[in-house]
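So you can see what is in the structure, the chains are spelled out below.
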Amino acid sequence: QVQVKESGGGLVQTGGSLRLSCTASGFSIANMGWYRQAPGKERELVAGISLSGTIHYLDSVEGRFTISRDKGTAYLQMNDLKPEDTAVYYCNRWLGGPLDSWGQGTQVIVSS
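Keep in mind it's a predicted model, so treat the numbers as computed, not measured.

Calculation criteria
- Residues numbered from 1 in each chain as written.
- Predicted model: local features only at pLDDT ≥ 70, side-chain atom pairs only at ≥ 80, totals over all residues.
- Heavy atoms only, no water.
- Disulfide = S-S within 2.5 Å.
- Helix = DSSP H or I, 4+ residues; strand = E, 2+ residues; numbered from the N terminus.
- Buried < 20%, exposed > 50% of the residue type's maximum accessible area, 1.4 Å probe, protein only.
- Pairing = 2+ DSSP bridges.
- Axes fitted to C-alpha atoms, helices over the stretch in contact; angles between N-to-C directions.

A.B. asks: Give me the state of the cysteines: which residues, what numbers.
C.D. replies: In this structure the tally under the stated criterion is one disulfide. Each sulfur of the disulfide joining Cys22 and Cys91 lies 2.1 Å from the other. The sign of the S-S torsion, about -80°, decides the handedness of the disulfide formed by Cys22 and Cys91: left-handed. On the criterion of sequence distance, the pair formed by Cys22 in strand β3 (residues 18–25) and Cys91 in strand β9 (residues 87–93) is long-range, its members being 69 residues apart. Exposure remark for Cys91: the relative accessible area of 0% places this residue in the buried category.

What follows is the structure, encoded as structure tokens:
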């Protein structure tokens, strides 16, 4: 059974920063992605990191977000946040696609 917990979201002003954290079981944190879903929009991959160290970023966040992992926790450092980053952020497997079970996510709201 896959279990995942995301944390670190909040309400920030444009240009602010947040650091999201993820712990998971059922898939390796060494191959993980951060996904987000804005109201009325489809879920999209924001960033991914593979076991081999390959890193991917959505074009709109490249240069502002940094994905990393440290032992059992994965992180998404988000800088220079913009209103369009407002979404619920989720952690799940990256390569091979996400597994069926999703956590509750952590909400990020960026005010203009």
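From this point, the narrative continues.
A.B. asks: Describe the sheet that holds strand β7 (residues 65–70), listing the residues and the values that go with them.
C.D. replies: Taken in spatial order, the four strands line up as β1-β3-β8-β7 in an open sheet, and their pairing is antiparallel. At either end of the open sheet lies a strand with only one pairing partner, and these are β1 (3–7) and β7. Strand-to-strand twist in this sheet, taken as the mean axis angle between neighbours without regard to direction, amounts to 15°. Where β3 and strand β8 (residues 73–78) come together, five bridges link them in antiparallel fashion. Bridge pairing links Leu20 to Leu76 in β8.

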